[in-house]
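# Structure assessment
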Amino acid sequence: VVTDNMGGYTWDGNSRLNRITAWNNNPTTDVPSEIIYLKCNNKMWTLNHGINNDGNNYYINYGFGYANFRHTCEGIIQENTIFVPQKEKVKINLLKLKNTEPKNKRIKIVYYIKPVLGEDELKTNTFIKNYTSDNFVIVRNLYGNNSEIIIMSSEKIKSYTGNKESFIGQGSLVIPDGLRTENLSNENGVGQQSCIAVELEIELDSYESKDIVLAYGVNKDELEKFQDINYDQYKEAEVIEK
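For every chain, the first residue of the written sequence is number 1, and numbering continues from 1 onward in sequence order. Totals for whole chains, interfaces and linings use all residues, but because this is a predicted model, local features are given only for residues with pLDDT of at least 70 and pairs of side-chain atoms are given and counted only at 80 or more. Just so you know, side-chain values use all the structure's heavy atoms and leave hydrogens and water out.

Let's shift gears to the sheet that holds strand β13 (residues 159-163). For two strands to count as paired, DSSP must find a minimum of two bridges between them. Strands are runs of DSSP state E lasting at least two residues, helices are runs of H or I lasting at least four, and both sets are numbered from the N terminus onward. The strand order β3-β2-β8-β14-β13 describes an open sheet built from five strands, whose pairing is antiparallel. At either margin of the open sheet sits one strand with a lone partner, and together these are β3 (43-46) and β13. Strand-to-strand twist of the sheet, defined as the mean angle between neighbouring strand axes without regard to direction, takes the value 20°. Pairing of strand β8 (residues 105-113) with strand β14 (residues 194-204), which is carried by nine bridges, proceeds in the antiparallel orientation. If you follow R106 over to β14, its bridge partner there is E203. Note on geometry: axes are C-alpha line fits, over the in-contact stretch for helices, and angles between N-to-C directions span 0 to 180 degrees.

Attention now moves to a nonpolar patch on the surface. Where nonpolar side chains cluster on the molecular surface, the patch consists of F127, L142, Y143 and V190 and spans about 330 Å² of accessible area. For L142, a relative accessible area of 38% gives the class partly exposed. For patch detection, residues must exceed 30% relative accessible area and be free of salt bridges, and they are connected within 9 Å for like charges or within 5 Å for nonpolar side chains (Val, Leu, Ile, Met, Phe, Trp, Tyr). Throughout, the Shrake-Rupley method with a 1.4 Å probe supplies accessible areas, and for residues the shown protein chains are the sole cover considered. Salt bridge criterion: a side-chain nitrogen from Lys or Arg within 4 Å of a carboxyl oxygen from Asp or Glu. Under the scheme applied here, a residue whose accessible area is under 20% of the maximum for its type counts as buried, over 50% as exposed, and between as partly exposed, the area being computed with a 1.4 Å probe on protein chains only.

Attention now moves to the nonpolar core. Within the largest apolar cluster, 35 residues are counted, with the highest numbers of intra-cluster contacts made by L97, I107, I109 and I151. The dominant element in this core, judged by the number of residues it contributes, is β14, at five residues. Here, residues are in contact when the closest pair of their heavy atoms is within 4.5 Å. When neighbours within four sequence positions are excluded, I107 is seen to be in contact with L38, K39, C40, I76, L97, L200, E201, I202 and L204. One finds I35, M44, L184 and C195 within the second-largest nonpolar core, a separate group that totals twelve residues. By nonpolar core we mean a set of buried residues, namely Ala, Val, Leu, Ile, Met, Phe, Trp, Tyr and Cys, connected to one another through side-chain atoms within 4.5 Å.

Roughly 320 Å³ of internal volume is contained in the largest pocket. In this structure, the largest pocket is lined by 19 residues; those nearest its centre are V1, T10, W11, V84 and K91. Secondary structure elements with two or more residues in the lining of the largest pocket: β5 (66-73), β6 (76-83) and β7 (90-99). Gly is placed with the polar residues, together with every amino acid not listed as nonpolar (Ala, Val, Leu, Ile, Met, Phe, Trp, Tyr, Cys and Pro) or charged (Asp, Glu, Lys and Arg). Of the residues contributing to the lining of the largest pocket, the split by class is 13 nonpolar, two polar and four charged. Here the term cavity refers to a set of points on a 1 Å grid, laid over the protein atoms alone, in which a 1.4 Å probe fits but cannot get out; the term pocket refers to an open set having protein on both sides within 12 Å along at least five of seven lines, with lining residues being those that place an atom within 4 Å of a point. Grid points are joined across faces, edges and corners, and a volume is the space filled by probe spheres set on the points.

Once that is clear, we can look at the sheet that holds strand β11 (residues 136-141). Pairing is antiparallel across the open sheet formed by eight strands, whose spatial order is β4-β5-β6-β7-β15-β12-β11-β10. What marks the edges here is a single partner per strand, and that holds for β4 (58-63) and β10 (128-133). Recorded for the sheet is a direction-independent mean angle of 15° between the axes of neighbouring strands.

Right under this line is the structure:
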């Protein structure tokens, strides 16, 4: 389920018993369980317009099987296409950044997820274990079902954390302390308020564009399938739909 605030939630098979990310059942507010933060030139904002809205326009297109979000801030055009391939259990954010100015940009990206990996986040909270392997963050529910997801990025993961309290710090979901620090804490989430946050850092030359994949699969077999996906076919389908 995707909303105009990149809210909703993700599940595998059963939308009640096997939630991957948290569902916020509130008729008046849309608190997303997945947030993409960006920081450039000490300015911080989100691709989710309802979290840290910088006052610039946000554009959302819904198509058959995808949602496309566009925004511009600090001279950087951001376009994120969210979709789930029909034959793979993988949720994909295809993020395209374009520098529109004649100077280099260094951009910090933090992908935040509130995991459930079961029926109720109140039951699995503090039982979510995470660890790294190569350029993946592996997340496992130690409460009951031992379900597992693997979070990955096409860019090198610089740091991560499974501790929501250390990520938020004295701030809030609007501007968490994790955006102000050089690196995230690289903490395991067991025994802590659970979250998953991964940090990337990229550089864009003058007028350069770059495609970045942020995604997670429900198990290692699905991750192997994910690595073979041809993303160009989805971009072509998007153009046809538009």
